[in-house]
Amino acid sequence: MISIIVAIAEGLAIGHQQDLLCYLPADLKHFKNITSGHPIIMGRKTFESLPNGALPNRKNIVISRNADLSFPNTVMTASLQEALQQAGPDKEVFIIGGASIYEAALPIADRMYLTFIHHRFDEADTFFPQWNESEWKEIAREAHTADEKNRFDYTFVTLERIDR
């Protein structure tokens, strides 16, 4: 199963200057709980935005056109197809960004774990691609209000592709 996991603010915004739009600890915990123990696939810029390098307890697969590039504790690939092959037989593989990797993965994804951040970030410069909602069914939803640790209201939504 190929799954996309992403936090999306209003207007499909996902980033600003190669970083997350905001610090939402509950979303980071949600991300860790879902992806731990599974391969994660990301572009080079997404990898470079990780504060401590490769994420622990996950096979980190990085896509880059630069064949000479390497990062510690990662598998380097040149394409999404190659990354998926490198992921191996795991039952679920996660696409974690950035925008061009999401765009390439969207047509073949089976599931999406979306965190909708209920806020507009006018400074956003990176966006998630539009998807055809009629191709997806919602299988889970969990709404949360802002609190002392999480500045914005947010909702976890899981979508599965309707049988092709």
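In the block above lies the structure referred to throughout.
Residues numbered from 1 in each chain as written. Predicted model: local features only at pLDDT ≥ 70, side-chain atom pairs only at ≥ 80, totals over all residues. Heavy atoms only, no water.

(A) Geometry of the pairing of strand S4 (residues 60-63). Side chains Asn60 and Val62 of S4 all project onto a buried face; the interleaved residues Ile61 and Ile63 project onto the opposite face, where all are buried too. The sheet contact formed by strand S3 (residues 40-43) and S4 spans four bridges and is parallel. The partner of Ile41 across the bridge, within S4, is Ile61. Here S4 pairs with strand S5 (residues 74-77) via four bridges, running parallel. Looking at the pairing, Asn60 lines up with Thr74 of S5. (Buried < 20%, exposed > 50% of the residue type's maximum accessible area, 1.4 Å probe, protein only. Helix = DSSP H or I, 4+ residues; strand = E, 2+ residues; numbered from the N terminus. Pairing = 2+ DSSP bridges.)

(B) Representation of the environment of Gly15 in the model. Relative to the helices and strands, Gly15 is located in strand S2 (residues 13-15). Accessibility expressed as a relative area gives 4% for Gly15, which makes it buried. Here the alpha-carbon distance between Gly15 and Ile5, two residues ten residues apart in the chain, equals 14 Å.

(C) Here's a closer look at the environment of Arg151. Its place among the elements puts Arg151 in the loop between strand S9 (136-144) and strand S10 (154-161). The spacing of Arg151 and Leu106 is 45 residues in sequence and 29 Å in space, taken between C-alpha atoms. Aside from chain neighbours lying at most four places away, what touches Arg151 is Leu24 and Ala146. (Contact = heavy atoms within 4.5 Å.)

(D) Structural detail: the nonpolar core. Among the nonpolar cores identified, the biggest contains 27 residues, and Ile4, Ile41, Ile95, Met112, Phe128 and Trp131 are the most heavily contacted of them. For this core, the secondary structure elements donating two or more residues are strand S1 (2-9), S4, helix H3 (80-87), strand S6 (93-95), helix H4 (99-105), strand S7 (111-117) and S10. One finds Ile34, Leu50, Ala54 and Phe71 within the second-largest nonpolar core, a separate group that totals 14 residues. (Core = buried A, V, L, I, M, F, W, Y, C linked by side-chain atoms within 4.5 Å.)

(E) Focus on unusual backbone geometry. Residue Gly98 is bonded to the preceding Gly97 through a cis peptide linkage, with omega at 0°. Summarising the element assignment, Gly98 is placed in the loop between S6 and H4. The phi dihedral of Gln17 falls on the positive side, at around 50°, and the residue is not glycine.

(F) Region of the structure containing the packing of aromatic side chains. A full pass over the atoms with the stated rule returns six aromatic pairs. Here the aromatic residues Tyr102, Phe128 and Trp131 are joined through ring pairs into a cluster of three or more. (Phe/Tyr/Trp six-rings, centres within 6.5 Å; stacked < 30°, edge-to-face > 60°.)

(G) Examining helix H1 (residues 25-35) more closely. Those residues of H1 that sit buried are Ala26, Asp27, Phe31, Ile34 and Thr35. Along H1, the residues classed as buried sweep out an arc of 150° about the axis, all on the same side. Facing away from the buried side of H1, by more than 90 degrees, are the exposed residues Lys29 and Asn33. The positive-phi residue at the C-terminal boundary of H1 is Gly37, with phi of around 85°. (Arc of directions from axis to C-beta.)

(H) Geometry of the pattern of salt bridges. In this structure the tally under the stated criterion is five salt bridges. Of the charged contacts in the structure, one is a salt bridge between Glu48 and Arg44, with a shortest N-O distance of 2.8 Å. Separated by four residues within a single helix, Glu48 and Arg44 lie in helix H2 (residues 44-49), roughly one turn from each other. For Arg111, the salt bridge identified is with Glu92, shortest N-O distance 3.6 Å. On the criterion of sequence distance, the pair formed by Arg111 in strand S7 and Glu92 in the loop between H3 and S6 is long-range, its members being 19 residues apart. By relative accessible area, which is 9% here, Glu92 ends up buried. Salt bridges linked by common partners bring Glu92, Arg111 and Glu160 together as one network. (Salt bridge = Lys/Arg side-chain N within 4 Å of Asp/Glu carboxyl O.)

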